[in-house]
Amino acid sequence: MDIMSLFNALPSVAAQGLIWGIMAIGVFITFRILDVADLTVDGTLCTGGATFIMLTMAGANVWVAMVGAFCAGMVAGLITGLFHTACGIPAILAGILTQLALYSINLRIMGQANRPVNATQYDLLVSQRDVREIGLNNPILISALFVIVIIALLYWFFGTELGSSLRATGANLNMARAQGINVNVTKVLGLMVSNGLVALSGSLLAQYQGFADVNMGRGAIVIGLAAVIIGEVIFGRIFRNFALRLLAVALGAVIYYLVYQVVIWLGLKTDDMKLITALIVAVFLAIPFWKGKYFDRFARKGGGANA
Amino acid sequence: MLELKNISKTFNAGTVNEKAALNGLSLRLEEGDFVTVIGGNGAGKSTMLNAVAGTFPVDGGQILIDGTDVTRLPEHKRAKYIGRVFQDPMTGTAATMQIEENLALAARRGKSRTLRPGITKKEREEYVERLKILDLGLETRMTTKVGLLSGGQRQALTLLMATLIKPKLLLLDEHTAALDPKTAAKVLDATERIVTRDHLTTLMITHNMKDAITHGNRLIMMKDGQIIFDISGEEKKKLTVEDLLDKFKVAGEDDLSDKMVLS
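Once a new chain begins, its residue numbering starts again from 1 and follows that chain's sequence as written. Chains carry letters and ligands carry numbers; both start at the beginning, A for chains and 1 for ligands, and go up in the order they are written. Given that this is a predicted model, residues contribute local features only at a pLDDT of at least 70 and side-chain atom pairs are listed and counted only at 80 or more, while totals for whole chains, interfaces and linings are drawn from all residues. Side-chain calculation: all heavy atoms of the structure are included, whereas hydrogens and water are not.

### Digging into the overall build of chain A
Applied cut-off: The way it works is that DSSP assigns letters per residue, a run of H or I at least four long becomes a helix, a run of E at least two long becomes a strand, and they are numbered from the N terminus. Exposure categories follow from relative accessible area, calculated using a 1.4 Å probe and restricted to protein chains: below 20% of the type maximum is buried, above 50% is exposed, and the middle band is partly exposed. It only takes one pair of heavy atoms within 4.5 Å for two residues to be counted as in contact. Calculation of accessible area relied on Shrake-Rupley with a 1.4 Å probe; when residues are assessed, cover is drawn exclusively from the protein chains displayed.
Regarding its fold elements, chain A presents 11 helices and 2 strands. Dimensions of chain A, computed from the C-alpha atoms along their principal axes, are close to 75 × 55 × 35 Å. Residue burial in chain A is summarised as follows: out of 307 residues, 53% are buried. Long-range contacts, defined as pairs at least 24 residues apart, comprise 75% of the intrachain contacts of chain A with a sequence gap of at least 6. With an accessible surface of roughly 14,000 Å², chain A has 67% of that area assigned to carbon and sulfur atoms.

Right under this line is the structure:
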């Protein structure tokens, strides 16, 4: 167990963490703002990567390809949204259905289960080989800029009339309806924005690792939730402002990758990572619950002493 | 201002739990009418209000608000005409949002929501003034999350939100029932002041017979999804709680809840 190998992995942890952080911000929009656990994202991540690679191979500019990936993600969100609102399918199930359908669609987009994209052949924005470079092409810097711009845009959006109506929908459906908000529209819109961001993250991830794979999004929702929860548990007390809460989510993803790296360094196999991820999420979800229970008992005891 | 024509609604039709909640109910409210609604449990009071608000589609009949047929309009579209305060203080406000954000949402009721700012500086100043009518000191806590307020404070805020832009119709569904007597009196007092000030057409359900008599210019009593007693003007002013209890007995209403008799 050479500590240097862990240090060597840190730049990659930061880059990957920030890219997954964008996906986690997408999960935050559905999970925390809309109050829906949207499982579509497991499929959307690959849809984003696949769309990006196919557009790039067809000769599209890298920015055009990324906008294309974002739009493909929005369409996936739209489908889940329509399953949920127009067809009355429970949100979780609607997400699962779209996710399953996307598996076939992603294979159709790529034509095969795995598509490489070579950074020497194409003009990509981020690539793993530049992770130690000091310069403007460093993927850590570029991903961090993406995170900052996305947070700024979302901060603006959720402050608008439309964004506020989306927050109201997640906070209280009855209240939203009574205030004349068409909650079906706001739910669909939220799912679209969320999945658009997840697909954008997928396009960055495909560039960074140099390929898109039909299984690249498996368990993404859990990683997204892990990032949201880790961010809240660690930064929740100091980051109250909305923009800072989004930043906490992105940092949560970086911390998740750090834990991941440490666990690998301790000698566990990558095959075990899904198990470990699930356990990490379970523990972080349980902490606030246990904390509440402990403090509750404590408060009751204290109250009894005072009475 | 409001016209209900022969409204009927049956819940769980065709099952053992079938319940005809509204049976050919008709009601006409003139502009500025403040109508209190009383009746035993299951009389159809809340069902009537929810039918007007569009919470569910009615089985038959027609609902007109200021001459517009809203019978087929979904809830969020009817919200343009209607301000509502619910029985449960948790229902009317968004707990995770600030007081001023809740008010800003209400200020856009019935308007299209665009990418313009969700709240402006000018609005904030206006809301501070508007909150003063509640006399709860909320005007100094504009950025407090509504979830941190008491039930009474939330209910008062909901009332202000419902009337922030003048609704054609104000629906109050036992909006003081879940509050302690002192807070209930305060919220009811604010209701009276706002309704009088803005000359609002109002339907107020209450379990409290004294409140039903003191407030409003008209009183209706419901039973089995129909209006069985309708009194207004001078006659209503002379009404006593005893009169109402007699009416209940004549109507064969035995299940007077303790709450109604005691209050």
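Structure's up, so let's keep going.
### As for the pattern of salt bridges
Heads up, the rule is: The salt bridge definition used is simple: a Lys or Arg side-chain nitrogen within 4 Å of an Asp or Glu carboxyl oxygen.
Overall, the coordinates contain 20 salt bridges over all chains when judged by the stated rule. A salt bridge links A:R167 to B:E101, with the nearest nitrogen and oxygen atoms 3.1 Å apart. Linking A:R167 in helix 6 (residues 161-171) with B:E101 in helix 3 (residues 99-107), this pair reaches from one chain into another. The same class applies to A:R167 and to B:E101, which are both buried. Notably, a salt bridge pairs B:E126 with B:R130, separated by 3.4 Å at the nearest N-O pair. In this pair, B:E126 and B:R130 both sit in helix 4 (residues 121-131), 4 residues apart, roughly one turn of the helix. Since its relative accessible area comes to 38%, B:E126 is described here as partly exposed. One connected set of salt bridges, linked through shared partners, spans A:E161, B:R108 and B:E123.

### As for the packing of helix 5 (residues 139-157) of chain A against helix 10 (residues 242-265) of chain A
Residues and elements named next belong to chain A. Defined as follows: Where helices are involved, their axes are fitted lines through C-alpha atoms of the stretch in contact, as for all axes, and angles between N-to-C directions lie from 0 to 180°. Definitions for this section: a left-handed crossing has its near helix turned counterclockwise from the far helix by less than a right angle. A right-handed crossing has that turn clockwise.
Contact geometry of helix 5 with helix 10 gives a least axis separation of 9 Å together with a crossing angle of 145°. For the pair helix 5 and helix 10, the sense of crossing is right-handed. Contacts between helix 5 and helix 10 involve V147, I151, L154 and Y155 on the former and, on the latter, F242, A243, L246, L247 and A250.

### Notes on the nonpolar core
Basically, it comes down to this: By nonpolar core is meant a set of buried Ala, Val, Leu, Ile, Met, Phe, Trp, Tyr and Cys residues that side-chain atoms within 4.5 Å join together.
Judged by nonpolar contacts, the single largest core of 80 residues is most densely connected at A:W20, A:I25, A:F146, A:L154 and A:Y256. No other element matches helix 1 (residues 3-34) of chain A, which puts 15 residues into this core. Look past the residues within four positions of A:W20 in its chain and what remains in contact with it is A:L45, A:S201, A:L205, A:M216, A:A220, A:I223, A:A253 and A:Y257. Formed by 42 residues, the second largest nonpolar core is a distinct cluster that contains B:M97, B:L131, B:L157 and B:L188.

### Re the packing of aromatic side chains
All names here are of chain A. Note the threshold: Here is the rule: rings of Phe, Tyr and Trp (six-membered ring for Trp) pair when centre to centre is within 6.5 Å. Planes less than 30 degrees apart are stacked, more than 60 are edge-to-face, and the remainder are tilted.
All chains considered together, the criterion is met by 10 aromatic pairs over all chains. With centroids separated by 6.2 Å and ring planes inclined at 35°, the aromatic side chains of W20 and Y257 adopt a geometry described as tilted. Of this pair, W20 sits in helix 1 while Y257 sits in helix 10, and the two are 237 residues apart along the sequence. Judged by its relative accessible area of 6%, W20 is buried. Each residue in the set W20, Y256, Y257 and Y260 is aromatic and connected to the rest through ring pairs, giving one cluster.

### A short note on a nonpolar patch on the surface
All names here are of chain A. To keep things clear, this is the line we draw: Like charges within 9 Å and nonpolar side chains (Val, Leu, Ile, Met, Phe, Trp, Tyr) within 5 Å are joined into patches, using only residues over 30% in relative accessible area that form no salt bridge.
On the surface, a nonpolar cluster with roughly 430 Å² of combined accessible area is contributed by I3, M4, F7, L10 and L258. Sort the elements by how many residues they give to the nonpolar patch and helix 1 lands first, with 4 residues. Relative to the assigned elements, L10 resides in helix 1.

### As for the sheet that holds strand 7 (residues 169-173) of chain B
Residue and element names in this part refer to chain B. Quick reminder of the rule: In this description, strands pair whenever DSSP reports at least two bridges between them.
Spatial ordering of the open sheet is given by 6-7-8-3-9-10, a layout of 6 strands whose pairing is mixed. A single partner strand is all that each edge strand has here, and the edge strands are strand 6 (82-85) and strand 10 (226-232). Strand after strand, the sheet turns through a mean of 20° between neighbouring axes, direction not considered. Pairing between strand 7 and strand 8 (residues 202-205): 4 bridges, direction parallel.

### A closer look at the pairing of strand 8 of chain B
All names here are of chain B. The alternating pattern of strand 8 places T202 and M204 and L203 and I205 on opposite faces, both of which are buried. The pairing of strand 3 (residues 34-39) with strand 8 spans 4 bridges and is parallel. The partner of F34 across the bridge, within strand 8, is T202.

### Details of the interface of chain B and chain A
Heads up, the rule is: In this description, buried area is defined as the sum, over both parts, of the accessible area (probe of 1.4 Å) that is lost when the two are combined. Polar contact criterion, stated in full: a pair of N or O atoms within 3.5 Å, where within protein one must be able to donate a hydrogen and the other to accept it, and residues adjacent in sequence count only if both atoms are side-chain atoms. Amino acid classes used here: Ala, Val, Leu, Ile, Met, Phe, Trp, Tyr, Cys and Pro are nonpolar; Asp, Glu, Lys and Arg are charged; the rest, including Gly, are polar.
With 29 residues of chain B in contact, the opposing surface of chain A contributes 20 residues. Approximately 2,000 Å² of surface area, both sides summed, lies buried where chain B meets chain A, with 57% of it carried by carbon and sulfur atoms. It is B:H76, B:R113 and B:L115 in chain B that bury the most area against chain A; as a group they hold 31% of the surface buried on that side. Remark: the boundary between chain B and chain A carries 3 salt bridges. Put simply, chain B and chain A have 11 residue pairs in polar contact (both at pLDDT 80 or more) between them. Elements with a minimum of two residues in the side of chain B that touches chain A: helix 2 (75-78), strand 6 and helix 3 of chain B. Among the elements that make up the side of chain B that touches chain A, the one with the highest residue count is helix 3 of chain B (4 residues). Looking at the side of chain B that touches chain A residue by residue, the class counts come to 12 nonpolar, 10 polar and 7 charged.

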